[in-house]
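# Fold and geometry: a report
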Amino acid sequence: MATYAIGDIQGCYYAFQALLLRIRFNPKVDQLWLVGDLINRGSGSLEVLRWCFEHQDSLKVVLGNHDLHALVVAAGFVRARKGDTLDALLDARDSYELLDWLRNQRLAYQDDQYLMVHAGLLPQWTAKQTLSLATEVEAALRGDGYLEFLANMYGNLPNYWHDELTGLDRLRVITNAMTRLRICSAQGVMEFDFKGELPDVPIGYIPWFDVPNRATQSSQVIFGHWSALGLQQRDNVYALDTGCLWGGQLTAMNLETKEITQVQSHPLDKPIKLKHKS
């Protein structure tokens, strides 16, 4: 039995299958942790989601920004963006079943050793608080009023955490931190435009995992979302988005040994020419 965490798949079905072959994944005994952004931008979003649905008993999944975006598009609150590859999924006969399963996934997950989120954590949050806050968003997504949450999910404000936040503002901050965060100030003020490499982080901001005295420093955090960051294994930080969609690799980390396995991006995963990372 082995447990593997896999970085952002983003609809790269062929690379995903190649990686599963390389690690000899056996769904009867092994487990996968998927760091979110299962779908969108690669050509195989429908196939990836169908595979995940079929093998859900062998998965631990946290939602990424692209997964949430698919739910918002499916609900009709925003139009698909240039570069989205959701049409086949949205038009599929099993679209409702697949998206309903996606809507019921977690925002954060922890076992005895690791804590997994898609993007990042605010410096004030402990691991225990992170899981508690994640359940608030999960309840909103799973509840009867989930459409109200999806309709009001987008937005950059508020861009920092305080305990007195309530309602949709509170849910938006939690969602943005866990699915969109890359950098913030030392006080935890979030910035959402930067997507570049570490040397280019703008003055006044820090990668969220480098904020001094971050409350989750003692937790081993697994995340994705930041393809320009590349593979990182340091100081209880494991960044696994290695830009498969952009011609990089798809990465798996064995959680028992921390061994890394990678496959190169697959040409069949590329849709129409993409120009901008997100």
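What counts, and at which threshold
Residues numbered from 1 in each chain as written. Predicted model: local features only at pLDDT ≥ 70, side-chain atom pairs only at ≥ 80, totals over all residues. Heavy atoms only, no water. Core = buried A, V, L, I, M, F, W, Y, C linked by side-chain atoms within 4.5 Å. Buried < 20%, exposed > 50% of the residue type's maximum accessible area, 1.4 Å probe, protein only. Helix = DSSP H or I, 4+ residues; strand = E, 2+ residues; numbered from the N terminus. Contact = heavy atoms within 4.5 Å. Expected span 1.5 Å × (residues − 1). Arc of directions from axis to C-beta. Pairing = 2+ DSSP bridges. Axes fitted to C-alpha atoms, helices over the stretch in contact; angles between N-to-C directions.

Glancing now at the nonpolar core. Soluble globular proteins tend to pack their nonpolar side chains together in the buried interior. Ile6, Leu32, Leu34, Leu38, Leu102, Phe223 and Leu250 are the most contacted members of the largest nonpolar core, which has 79 residues in total. Of all the elements, helix H6 (residues 127-142) adds the most residues to this core, at six residues. Ignoring any residue separated from it by four or fewer positions in sequence, one finds Leu34 in contact with Ile6, Ile9, Cys52, Leu59, Lys60, Val61, Val62 and Met116. If you look at the next biggest cluster of nonpolar residues, it comprises 12 residues, including Tyr114, Ile222, Tyr238 and Leu255.

With that settled, the discussion passes to the environment of Gly155. When you line up the elements, Gly155 lands in the loop between helix H7 (146-151) and helix H8 (167-180). For Gly155, a relative accessible area of 27% gives the class partly exposed. A C-alpha to C-alpha distance of 16 Å links Gly155 and Cys184, two positions 29 residues apart in sequence. In contact with Gly155, other than residues within four places in its own chain, are Arg172, Asn176 and Arg180.

Compared with the 22 Å implied by 1.5 Å per residue over 16 residues, the 22 Å span of H6 between its first and last C-alpha is a close match. Those residues of H6 not exposed but buried are Ala127, Thr130, Leu133, Ala134, Val137, Glu138, Ala140 and Leu141. Down the axis, H6 shows its buried residues gathered within 155 degrees of arc, on one side only. Residues of H6 that are buried in the fold lie against helix H3 (65-75), helix H5 (95-103), strand S4 (108-110), strand S5 (114-117), H7 and H8.

Before going further, it helps to examine unusual backbone geometry. Look at the link from Leu157 to Pro158: it is a cis peptide, with omega at -10 degrees. In this model, Asn236 sits at a positive phi of 65 degrees, which is unusual for a non-glycine residue. Looking at where Asn236 falls in the secondary structure, it is placed in the loop between strand S10 (232-234) and strand S11 (237-239). Overall, Asn236 belongs to the partly exposed group, its relative accessible area being 25%. One non-glycine residue with positive phi stands out, namely Lys258, at about 65 degrees. For Lys258, the position within the fold is in the loop between strand S12 (249-254) and strand S13 (260-264).

Now for the sheet that holds strand S1 (residues 3-6). Reading across from one edge, S3-S2-S1-S12-S13 is the order of the five strands in this open sheet, with mixed pairing throughout. Each edge of the open sheet carries a strand with a single partner, namely strand S3 (59-61) and S13. Adjacent strand axes in the sheet meet at a mean angle of 20 degrees, parallel and antiparallel pairs treated alike. Bridge analysis of S1 against strand S2 (residues 31-34) gives four bridges, and the strand direction is parallel. Bridge pairing in S2 places Thr3 opposite Gln31.

This next bit is on the environment of Leu181. Checked against the element boundaries, Leu181 lands in the loop between H8 and strand S6 (183-184). By relative accessible area, which is 1% here, Leu181 ends up buried. Between the C-alpha atom of Leu181 and that of Phe194, which follows or precedes it by 13 residues, the distance is 9.6 Å. Other than its neighbours up to four places away in sequence, Leu181 contacts Ala119, Gly120, Leu121, Leu122, Asn176, Met190, Trp208 and His225.

A few words now on the pairing of S12. With five of six residues buried, S12 is to be regarded as a mostly interior element. With three bridges connecting them, S1 and S12 associate as antiparallel partners. Note that in S12 the partner of Ile6 across the bridge is Ala252. When S12 meets S13, the two strands line up antiparallel, connected through five bridges. By the bridge assignment, Gln249 is partnered in S13 with Gln264. Here S12 hands over to S13 after five residues, with Lys258 in that stretch at a positive phi of 65 degrees.

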